[in-house]
Amino acid sequence: MTLTVTPCHDRDEWDDLVNSSGGHPLQLWGWGELKSQYEWSADRVVVRDGARIVGSAQVLLRTLPQPFKSLAYVPRGPQAQEADRGRVVEALADYVKRTHGPIGITIEPDWEAPFSPLEKGVSDEDLAERIAAPSSDWLADVEAAGYKRSENTGLIPRTLIVDVTRDEDTIMKELSSSTRQNVRKSFKAENVRFGLVTERADLDQVLAINKETAKRANFAVHSDLYHEQIRDFMGPASQLIAAWEGDEVVAFVWLVVSGKTAFELYGGVNPRGMKLRLNYGLKFWAMKHVKEQGVERYDFNGLLNDGISDFKRQFAKHEDMLVGTYDKALSPLFPVFATALPVVRSTLKHGVPAAKKTVANLKNDPKATLAGAASGARSKASDVKARRSAAKWNKLG
């Protein structure tokens, strides 16, 4: 039977569907509302086989300079069972092309890669071999539907996901010995507490720590307004957790939470929090907190070869790999845009205006813009550094 794709216009109905199907927090209604404040629009669609729902997806659409028109993007979606994934993504692409006419569709599903879990610290070379290994049946179905694997990744597929359905002692045993000590020490520290941020003054302290952490780790941050809108648009799904010493916020982790998954958006710690090792206790407290809500998975949101990722790796003896980024061209212009995207992202480290200028220049002379920008990027940084910079931004901001 031919699948049907219809839009959903009711927030409660949509969020219930995402949560009941094990969907990711970035597929919740509020995330689409947040992105709609920043040059995106959201279309939430339900895929049915007769009366049976077989899939769903929150599709974000980004307007691009002419002649590209727009790009469709599905962050950590769609939702679909393995047997239905190939036909769901095919029906989704057909609907998007017919309804919105973008140059292409990019999906970054919250689906585990079809190979065994990763040992902690597995090399990039070994990882590449596993990715290149024969696909599973469902991934072959996705590829047969016209989707191709892409290195233009927005959300990092290599990550750490902790199963928080287990008892706390079992989770604690997977921590490195020094991490266990730091967690226990932080829980015993005097005049220290952990909890949800509810006061404006505490939010201001969090935002200050976020900027301080970004400066120390050399990555960019969104505006204060953007962070406030996460809270406002996501509602209870936005959970900002902090560690206090007295009245001072010294560390935080900002989660978005669906029925099954807690996903770290941001985290930070100030010098006092580092001295007390409260960022260790905070992570474990956050895992306990979402476990009490019935959440099953705590996703640390991406692993790179940097200090922040080294800190994350202390909380488990394994790593996880999601299936990654897949594109389907819906216009002959898509290959030009796909070539441009890494260049645009690399310019983001010099500021959003510079990135927008690079995109705009493509309108007049795509080949010259790509050649000049790529040459400049090679003179300033290695390809690895460019990928790291790109990964810290979610699909052009």
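Only a predicted model underlies this, so the values are computations on that prediction, with no experimental measurement involved.

Another aspect to go through is the overall build of the protein. Helix and strand counts for the protein stand at 16 helices and 17 strands. Across the 397 residues in the protein, those meeting the buried criterion constitute 53%. Residue pairs in contact within the protein that sit at least 24 positions apart in sequence constitute 73% of those at least 6 positions apart. Summed over all atoms, the accessible surface of the protein reaches about 17,700 Å², with 51% contributed by carbon and sulfur.

Inspection of the entire model under this criterion finds 21 salt bridges. Linking aspartate 84 and arginine 87 is a salt bridge whose minimum nitrogen-to-oxygen distance equals 3.1 Å. Arginine 87 gets classed as partly exposed once you look at its relative accessible area, which sits at 28%. Put simply, arginine 130 and glutamate 119 hold a salt bridge, and the shortest N to O gap is 2.8 Å. Of this pair, arginine 130 sits in helix H4 (residues 124-132) while glutamate 119 is found in strand S7 (residues 118-119), placing the two residues eleven residues apart along the sequence. It is possible to trace a salt-bridge network through shared partners that takes in Asp124, Arg158, Asp310, Arg313 and Glu319.

Within strand S3 (residues 52-63), nine of the twelve residues are buried, leaving the element largely enclosed by the surrounding structure. Across ten bridges, the pairing between strand S2 (residues 40-49) and S3 is antiparallel. By the bridge assignment for S3, alanine 42 is matched with leucine 60. As consecutive antiparallel partners, S2 and S3 are separated by two residues, and within that stretch glycine 50 has a phi angle of approximately 70°, a positive value. Looking at chain direction, S3 and strand S5 (residues 79-80) are connected through two bridges and run antiparallel. Each bridged residue has a counterpart across the sheet, and for glycine 55 the counterpart in S5 is alanine 80. From the end of S3 to the start of strand S4 (residues 70-75), which pair antiparallel, there are six residues, and lysine 69 there has a positive phi angle of about 75°.

So, on to the pairing of S2. By the criterion of burial, S2 is predominantly enclosed, with seven of the ten residues buried. Pairing of strand S1 (residues 4-7) with S2 involves four bridges; the strand directions are antiparallel. Following the sheet pairing, valine 5 is matched in S2 by valine 47.

This part takes up the sheet that holds S7. Pairing within the open sheet is antiparallel, and its three strands lie in the order S7-S16-S9. Every interior strand has two partners, whereas the edge strands, S7 and strand S9 (158-159), have only one. Pairing of S7 with strand S16 (residues 318-321) involves two bridges; the strand directions are antiparallel. Residue leucine 118 lies in a different strand from S16, and its bridge partner there is glutamate 319.

Considering all chains together, one arrives at twelve aromatic pairs under this definition. Members of the aromatic cluster, connected to one another through ring pairs, are Tyr280, Tyr298, Phe300, Phe311 and Phe315. In this arrangement the basic side chain of arginine 85 is found over the ring face of tryptophan 138, its NZ or CZ atom lying 4.6 Å from the centre.

Our focus in this paragraph is the nonpolar core. If you look at the biggest cluster of nonpolar residues, it comprises 33 residues, and the most contacted ones within it are Val162, Leu255, Met287, Tyr298 and Phe315. Going through the elements one at a time, helix H6 (168-173), strand S11 (192-196), strand S12 (238-245), strand S13 (248-257), strand S14 (261-269) and helix H11 (278-291) are the ones with two or more residues in this core. Apart from the residues within four sequence positions on either side, tyrosine 298 is in contact with Leu160, Ile161, Val162, Val164, Val253, Leu255, Ala262, Glu264, Lys283, Ala286, Met287 and Val290. Within the second largest apolar cluster, 32 residues are counted, among which are Trp14, Leu155, Leu207 and Tyr226.

Turning next to the packing of helix H7 (residues 177-188) against H11. Helix packing for two helices is described by the angle between their axes and how far apart those axes are. Following both chains from N to C, one finds H7 and H11 inclined at 85°, their axes separated by 7 Å at the closest point. What the angle tells us is that H7 and H11 run roughly perpendicular. Together, Thr179, Asn182, Val183, Ser186 and Phe187 of H7 and Leu278, Tyr280, Gly281, Phe284, Trp285 and Lys288 of H11 make up the contact between the two elements. In terms of residue class, the contact of H7 with H11 is made up of six nonpolar, four polar and one charged.

Further remarks concern the confidence of the model for the protein. In low-pLDDT regions, the fine details of the predicted coordinates are not to be read closely. Per-residue confidence for the protein gives a mean pLDDT of 88, with 86% of residues at or over 70. Confidence drops under pLDDT 50 across residues 370-397; counting only partners more than four residues distant or on other chains, this segment forms 47 contacts.

Attention shifts here to the environment of alanine 329. Mapping alanine 329 onto the fold places it in strand S17 (residues 325-329). With 225 residues separating them along the chain, alanine 329 and glycine 104 place their C-alpha atoms 4.4 Å apart. In contact with alanine 329, not counting residues within four places along its chain, are Ile103, Gly104 and Phe334.

The rules behind these values
Residues numbered from 1 in each chain as written. Predicted model: local features only at pLDDT ≥ 70, side-chain atom pairs only at ≥ 80, totals over all residues. Heavy atoms only, no water. Helix = DSSP H or I, 4+ residues; strand = E, 2+ residues; numbered from the N terminus. Buried < 20%, exposed > 50% of the residue type's maximum accessible area, 1.4 Å probe, protein only. Contact = heavy atoms within 4.5 Å. Areas by Shrake-Rupley, 256 points an atom, 1.4 Å probe, with all protein chains shown as cover. Salt bridge = Lys/Arg side-chain N within 4 Å of Asp/Glu carboxyl O. Pairing = 2+ DSSP bridges. Phe/Tyr/Trp six-rings, centres within 6.5 Å; stacked < 30°, edge-to-face > 60°. Lys NZ or Arg CZ within 6 Å of the ring centre and 35° of its normal. Core = buried A, V, L, I, M, F, W, Y, C linked by side-chain atoms within 4.5 Å. Axes fitted to C-alpha atoms, helices over the stretch in contact; angles between N-to-C directions. Parallel < 35°, antiparallel > 145°, perpendicular 65-115°, else oblique. Nonpolar A, V, L, I, M, F, W, Y, C, P; charged D, E, K, R; others polar. pLDDT = per-residue confidence, 0-100.

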